[in-house]
Amino acid sequence: MTLRTRFAPSPTGFLHIGGARTALFCHLHARHNRGQWLLRVEDTDRERSSEEAVAVIIEGLRWLGLVADEGPYFQSRRTARHLEVAHQLLDAGKAYRCYCTKEELDGMREEQRARHEKPRYDGRCRRRQDPPPPGRPAVIRFITPQGGDLHFSDRIQGDIRYPNDELDDLILVRSDGSPTYNLAVVVDDHDMGINFVVRGEDHLSNTPRQIHLFQALGWEVPVYAHMPLLHGADGAKLSKRHGAVSVLHYRDAGFLPEAVNNYLVRLGWSHKDQEVFTMEEMIRLFEIGEVGRSAAIFDLAKLEWLNGQHLRAASPERLAPLLVEALQRQGIANPDPGLAKAVLPQFVERAKTLVEMAEKARFYFLEAHPEFDPAAAAKHLTPPMAPPLQELRALLADADPWDVTTVEAHFRTVLERHHLKTGQLAQPVRVALTGGTVSPGIFEVLHCLGRETSLARLDKAIAFLSRPG
Ligand code: GLU
C-alpha cells in the first residue's frame, strides 16, 4: 500500500518555523517511503483565514523546496461533503441533534463544577423524547462510546490510552450549519486516502475523537505520528518573541533553504553525530519513528552556523543570483551577476548569511565611489600619502595585463620607492577602494574592481587627501 500523508495548515497566519518543520517531516517521511503527500489548506475558520496567508504558506513551502504531490485542496470547498457524512451518522443513529441552549449548557457546567466534576456535555439530548422546540437551532453531536479506553499506537509518542469517559459528545455540525474541525479532518483524511498523519503534538487530544469517528463510519484509521512542539531557549512554547516568524523572514535575512531544512530536521531527529545534511541525505536517512519525544529547542546561533556550512558547500552558480538579490534589497540597483560570481569566494568563508555577505561585498557594486568611513579616512587618507598613491595610480594605469600578479608587482615597486611597509600603503588603498579598513586581499580587490573603477576610486581618494584646509 502506498503511504499517503498530508500537511494541513490553517491559513490564519504565515508559515512559521514550527509549521515548516511539520511540512518537512511529512515530506521526508513520504519521500523516504516512496509515498505521497498532499497539501490541504484548512480554511474553515473564515474569519481568521485569509488568502494572503494561503499565498504566504505556499510561497514558504516553495522556497523550502517542499513540493507536494497533490493540492492545494481547500477544506472550505468541501463543506457539502462534510455535512453529508454528518447526516449519514444521524441516519445510522450514531449522531443526534442537540437543542440545548447556551443557558442550559452553562447551568449544566455550573452544577458539574459544584459537584467537583470536570465540566462536559452530559449527553441529555441523546435521550430527548419530546419533539424539538420549534424554530430552535440545533447542533449535531456524535455519540461517543462510553466506558473503556481508546487505545492507539503513535509512531512518535508511543502507546496512548485515553478513557472514553473523558470525551463528551463531540459537536460535528454547529448550529449555523458549519462542520467542525474534527469532522472535516476525518472526512478529508478518509476521502483523500490518507493513511499516515504527521502533525503537532498539540493535536494529540483530538486524535481519540477522530479515531472514534473513523470507526463509527467504518473507515480505516490512519497511523498517527505526533511531533513534539518547539520551545524557545527559555523553555517556553515557541512564539514570535523567539523568532518564530514566517519562514520567508529567514529567506529575507539571508538564509539558504537547505540550511533551514537541515536545521529543522535536527529539531527532534538525529543521525549519529552528523550535523550537516543535504536534502538527499535527509530523505535517505530519516525515520519518523526515530523522532524524539521531548520538546525541541529553537536556537538561532545553530541555524546561523548551519547556514555558514551550506553557504560554503553551495556552488558560485547557485549563490551568485542570491547575492544579487540580497544586494538589491540593500539598495544596489543593478548588481552585475558576473561580478557577484567572481567575488563570492572572497566572502563565503567570512559570512554567516547572504545579507552579511552582501554588506561585506557591497563596495564592489557601488556606482559612485564608496563613502569613506570618517575614522578610517582620518587615519589613512593623510596628505603625505598623496605621492605614493599618485605613483601607484600612474603605474596601474599602464598595468598589463590587469591581473593579481601585475598589480601586486606595481604595488611593491611603490613600497620600495617610498620606503613604506605593506600596511602603510595597503590601508589607504583599501579605504580608497572600499571606504573602510576591512576587506578581502587588496590585490584581489583591485583585480575584481577592474582598472577603470579602481583608478576612479584612487583619484577620488587623492582629491580627498589633497583638499585644502
Ligand atoms: N489545521 C491544523 C493546524 O494547522 C492541523 C490539523 C491536522 O494536521 O490534522 O494546526
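Residues numbered from 1 in each chain as written. Predicted model: local features only at pLDDT ≥ 70, side-chain atom pairs only at ≥ 80, totals over all residues. Heavy atoms only, no water.

Describe the overall build of the chain, listing the residues and the values that go with them.
Helix and strand counts for the chain stand at 19 helices and 12 strands. Here the C-alpha radius of gyration of the chain, 32 Å, is well above what a compact globule of 469 residues would show, namely 23 Å. Principal-axis analysis of the C-alpha atoms gives the chain an extent of 110 × 45 × 40 Å. Put simply, the chain has 469 residues, and 48% of those count as buried. Across the chain, every contact between residues at least 6 apart in sequence was considered, and the portion connecting residues at least 24 apart equals 75%. The chain carries 58 positive and 62 negative side-chain charges, and their two centres are separated by 2 Å. (Helix = DSSP H or I, 4+ residues; strand = E, 2+ residues; numbered from the N terminus. Rg over C-alpha atoms; globule rule 2.2 N^0.38 Å. Buried < 20%, exposed > 50% of the residue type's maximum accessible area, 1.4 Å probe, protein only. Contact = heavy atoms within 4.5 Å. Lys, Arg positive; Asp, Glu negative; His and termini not counted. Charge placed at Lys NZ, Arg CZ, Asp CG, Glu CD.)

Please set out the site of the ligand residue by residue, giving values where relevant.
Every residue lining the ligand is accounted for by Arg6, Ala8, Pro9, Ser10, Glu42, Tyr181, Arg199 and His203. With respect to the ligand, the backbone of Ala8 contributes an N or O atom lying 2.8 Å from a nitrogen atom. A distance of 2.6 Å separates a nitrogen atom of the ligand from a polar side-chain atom of Glu42. Relative to its free-state accessible area of 300 Å², the ligand is covered by the protein chains to the extent of 80%. Here the residues of the shell around the ligand sort into three nonpolar, two polar and three charged. (Near = heavy atom within 4 Å. Polar contact = N/O pair within 3.5 Å; in protein donor to acceptor, adjacent residues only side chain to side chain. Areas by Shrake-Rupley, 256 points an atom, 1.4 Å probe, with all protein chains shown as cover. Nonpolar A, V, L, I, M, F, W, Y, C, P; charged D, E, K, R; others polar.)

Could you give an account of unusual backbone geometry, with specific residues and numbers?
What you tend to see is this: most non-glycine residues have negative phi, and most peptide bonds are trans. Each neighbour pair has its own omega, and for Gly71 with Pro72 the value is 5°, a cis peptide bond. Turning to its location among the elements, Pro72 is positioned in strand S3 (residues 70-74). The omega torsion of the bond from Asp400 to Pro401 falls at -5°, within 30 degrees of zero and hence cis. For His116, which is not glycine, the phi torsion reads 60° and is therefore positive.

Now, about the pairing of strand S1 (residues 4-7): what can you tell me, with residues and values included?
Going residue by residue along S1, you find Arg4 and Arg6 tucked away on one face and Thr5 and Phe7 tucked away on the opposite face as well. Of the strand pairs in this sheet, S1 and strand S2 (residues 36-41) are connected by four bridges, and their pairing is parallel. Of the residues in S2, the one forming a bridge with Arg6 is Leu38. Since S1 and S2 lie parallel, the crossover through helix H1 (residues 17-32) that links them has a hand, and here it is right-handed. (Pairing = 2+ DSSP bridges. Right-handed = clockwise from strand over helix to strand, strands pointing away.)

An account of the side chain of Asp189 is needed here, citing residue identities and associated values.
Position of Asp189 among the secondary structure elements: in helix H5 (residues 181-191). Here the side chain of Asp189 touches Arg6 through a polar contact of 2.9 Å, side chain to side chain. At a separation of 2.8 Å, a polar atom in the side chain of Asp189 contacts the side chain of Arg40. For Asp189, the contacting residues outside a window of four places in its chain are Arg6, Arg40, Ile194, Val197 and Phe214.

How would you sum up the state of the cysteines? Please name residues and give values.
As enumerated under the stated definition, the model contains zero disulfides in all. Not engaged in a disulfide, the cysteine Cys98 finds its nearest cysteine sulfur in Cys100; these two sulfurs lie 3.8 Å apart. Looking at the unpaired Cys125, the closest cysteine sulfur is the one in Cys100, lying at 3.6 Å. (Disulfide = S-S within 2.5 Å.)

Which residues make up the nonpolar core, and what are the values?
Ranked by internal contacts, the top residues of the largest apolar core, which has 57 residues, are Met357, Tyr364 and Phe365. Counting residues in each nonpolar core, the second largest holds 45 residues, with Ala20, Leu66, Val198 and Trp269 among its members. (Core = buried A, V, L, I, M, F, W, Y, C linked by side-chain atoms within 4.5 Å.)

Just give me the short version of the pattern of salt bridges, but keep the residues and values in it.
Pairing between side chains of opposite charge can happen when the charged atoms of each approach one another. With the rule as written, the count across this model stands at 36 salt bridges. Arg209 is paired through a salt bridge with Asp168; the nearest N and O atoms lie 3.9 Å apart. Note that Arg209 is positioned in helix H6 (residues 207-216) and Asp168 in the loop between strand S7 (158-163) and strand S8 (171-173), a separation of 41 residues in sequence. For Lys341, the salt bridge identified is with Glu317, shortest N-O distance 3.3 Å. On the criterion of sequence distance, the pair formed by Lys341 in helix H12 (residues 337-347) and Glu317 in helix H11 (residues 316-329) is long-range, its members being 24 residues apart. Connected via shared salt-bridge partners are Arg6, Arg40, Glu42, Arg78, Arg81, Glu84, Asp188, Asp189 and Asp191. (Salt bridge = Lys/Arg side-chain N within 4 Å of Asp/Glu carboxyl O.)

Run through H5, naming residues and quoting values.
The buried count for H5 comes to eight of 11 residues, which makes it a mostly enclosed element. Turning to H5, its buried residues number three or more, namely Asn182, Leu183, Ala184, Val185, Val186, Val187, Asp188 and Asp189. Residues of H5 that are buried in the fold lie against S1, S2, helix H3 (79-91), S8, strand S9 (196-200) and H6. Directly after H5, the chain includes Gly193, whose backbone phi takes a positive value near 70°.

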